[in-house]
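The chain contents come next:
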Amino acid sequence: MVAELTALRDQIDTLDKSLLNLLAKRLKLVAEVGKIKSCFGLPVYVPEREASMLALRRKEAEVLGVPPDLIEDLLRRVMRESYTNENDKGFKKINPDLRSVVIIGGKGKMGSLFARMLTLSGYCVQLLDKNDWDRADTLLSNAGMVIISVPIYITVQVIAQLPSLPEDCILIDLASVKNAPLHAMLAVHSGPVLGLHPMFGSDIENLAKQVVVWCDGRQPEAYQWFLEQIRVWGARLHRISAAEHDQHMAFIQALRHFTTFAYGFHLSEENVDLDQLLALSSPIYRLELAMVGRLFAQDPQLYADIIMSSKNNLALIKRYYQRCGEAITLLERGDKQGFIDMFNSVEHWFGNHAKRFMVESSSLLRTANDSRL
């Protein structure tokens, strides 16, 4: 039995080595693809190409008796690495005539990310940090684009302190709230103005599949090239008004971050044994706990700024607190049928999204379980 098992394992090891060689060849081909995309300004991520390729591979896998989900999981991981490799080849410079780009707060995490992407695209990038403000007039006097990437609580203040910019200079901010910064930029600069909100953290390796929200300010024809540059980087762009953006961010960011903060605070006050929680947890609870821990591994100032950026956020959180109280009342009464009725009402509100989220979350849970030691 031992001999037979060893022989089979040896064959598996040989096949694994073959897979490694094939992956190495694939990455070399990806590098060539990256060069061509860079030369012609083609996006790193093309949704139609990825979707059609995955659909075809799934059909081929089924014919071979290989689980289609297996090949899709494998290819998605390989493609993620491929996007990073393509990223390293640089990008076509969409606006070769642009003067220097000045990033205010460029030494911060998000500012550094945009500085890297712009540099990979061949633009001249200069950084203006808080200790360099005495050079602001000199750096900004001939700028073709100025990007504000500073903490939320000082964004409007920094914008208000800007010296006069060239009339054709594009002024952009990257704050996760949009209404106040956009109005501040329109007030201080008479030229092109654009509000951007990168919907991702600064720890990403590339922008493939990431979402960047944009809000029109003034003279949109002047910054369309930059939106195209972001598409070339692989990101998805979503247009929305500044006011509507902030309304939605109250749910996506402020409420979500607050509930995560409150849950982490509650766990710490209960002084639970995290190691025991992890040992006993299902994949979904482990993933949820990981997302709570992730929040507390980051900058508290950022989350305080997001949650407290608007009185509307506080009003929303208070309504959430009130509804928690209504749900607790059901528990106090032992009203199981009331709980079920409320559950069914919410399920009806989610509609078909509930089933779709079930499928998406199952994929995440498989990945989370695979990474468990």
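Structure: above.
Report follows, based on the coordinates.

1. Notes on the nonpolar core
Counting residues in each nonpolar core, the largest one holds 39 residues, and the members touching the most others are L118, M145, I147, I172, L196, F226 and W233. The residues touching L196, leaving out its near neighbours within four places in the chain, are I172, D173, L174, A175, K178, V212, V213, W214, F226, L227 and I230. One finds A143, I148, I159 and L171 within the second-largest nonpolar core, a separate group that totals 24 residues.

2. Structural notes on the layout of surface pockets
As a volume, the second largest pocket reaches approximately 390 Å³. In terms of residue count, helix 9 (residues 242-270) provides more of the lining of the second largest pocket than any other element does, 7 residues in total. Residue composition of the lining of the second largest pocket, by class: 15 nonpolar, 10 polar and 2 charged.

3. Some words on the packing of aromatic side chains
Throughout the structure, instances matching the rule amount to 10 aromatic pairs. Plain terms: the ring middles of F261 and F265 are 6.4 Å apart, the flat faces sit at 5° to each other, and that makes the pair stacked. In this pair, F261 and F265 are both assigned in helix 9, 4 residues apart and thus about one turn of the helix distant. The exposure class assigned to F265 is partly exposed, which follows from its relative accessible area of 47%. The structure contains a cluster of three or more aromatic residues connected by ring pairs, namely F114, Y123, W225, F226 and W233.

4. Considering the sheet that holds strand 4 (residues 170-173)
Strand order in the open sheet formed by 7 strands is 2-1-3-4-5-6-7, with mixed pairing between adjacent strands. Looking at the sheet topology across the chains shown, the edges are occupied by strand 2 (125-128) and strand 7 (236-239). Neighbour-to-neighbour, the strand axes of the sheet open up by a mean angle of 25°, direction not taken into account. Examined bridge by bridge, strand 1 (residues 101-104) and strand 2 share 4 bridges and lie parallel to one another.

5. Considerations on the pairing of strand 6 (residues 211-218)
Note: strand 5 (residues 193-198) against strand 6, 6 bridges, orientation antiparallel. Pairing of L194 across the sheet is with D216, part of strand 6. Pairing of strand 6 with strand 7 involves 4 bridges; the strand directions are parallel. Note on strand 7: the bridge partner recorded for V212 is L237. Read as a crossover between parallel neighbours, the route from strand 6 over helix 8 (residues 220-232) to strand 7 is right-handed.

6. Let's talk about a nonpolar patch on the surface
Taken together, the side chains of M342, V346, W349, F350 and F357 define a hydrophobic patch exposed on the protein surface, amounting to about 510 Å² of accessible area. Tallying contributions element by element places helix 14 (residues 336-350) first for the nonpolar patch, with 4 residues. Summarising the element assignment, M342 is placed in helix 14.

7. Observations regarding helix 7 (residues 179-188)
All buried positions along helix 7 are accounted for by P181, L182, A184 and M185. The arc enclosing the buried residues of helix 7, seen along the axis, measures out at 160°, which places them on a common side. Those residues of helix 7 hidden inside the fold are in contact with helix 6 (152-160), strand 4, strand 5, strand 6 and helix 9.

Quick notes on the rules
- Residues numbered from 1 in each chain as written.
- Predicted model: local features only at pLDDT ≥ 70, side-chain atom pairs only at ≥ 80, totals over all residues.
- Heavy atoms only, no water.
- Core = buried A, V, L, I, M, F, W, Y, C linked by side-chain atoms within 4.5 Å.
- Buried < 20%, exposed > 50% of the residue type's maximum accessible area, 1.4 Å probe, protein only.
- Contact = heavy atoms within 4.5 Å.
- 1 Å grid on protein atoms, 1.4 Å probe; cavity = no way out; pocket = protein on both sides within 12 Å on 5 of 7 lines; lining within 4 Å.
- Points joined across faces, edges and corners; volume = space filled by probe spheres on them.
- Helix = DSSP H or I, 4+ residues; strand = E, 2+ residues; numbered from the N terminus.
- Nonpolar A, V, L, I, M, F, W, Y, C, P; charged D, E, K, R; others polar.
- Phe/Tyr/Trp six-rings, centres within 6.5 Å; stacked < 30°, edge-to-face > 60°.
- Pairing = 2+ DSSP bridges.
- Axes fitted to C-alpha atoms, helices over the stretch in contact; angles between N-to-C directions.
- Right-handed = clockwise from strand over helix to strand, strands pointing away.
- Patch = residues over 30% accessible without salt bridge, like charges linked within 9 Å, V, L, I, M, F, W, Y side chains within 5 Å.
- Areas by Shrake-Rupley, 256 points an atom, 1.4 Å probe, with all protein chains shown as cover.
- Salt bridge = Lys/Arg side-chain N within 4 Å of Asp/Glu carboxyl O.
- Arc of directions from axis to C-beta.

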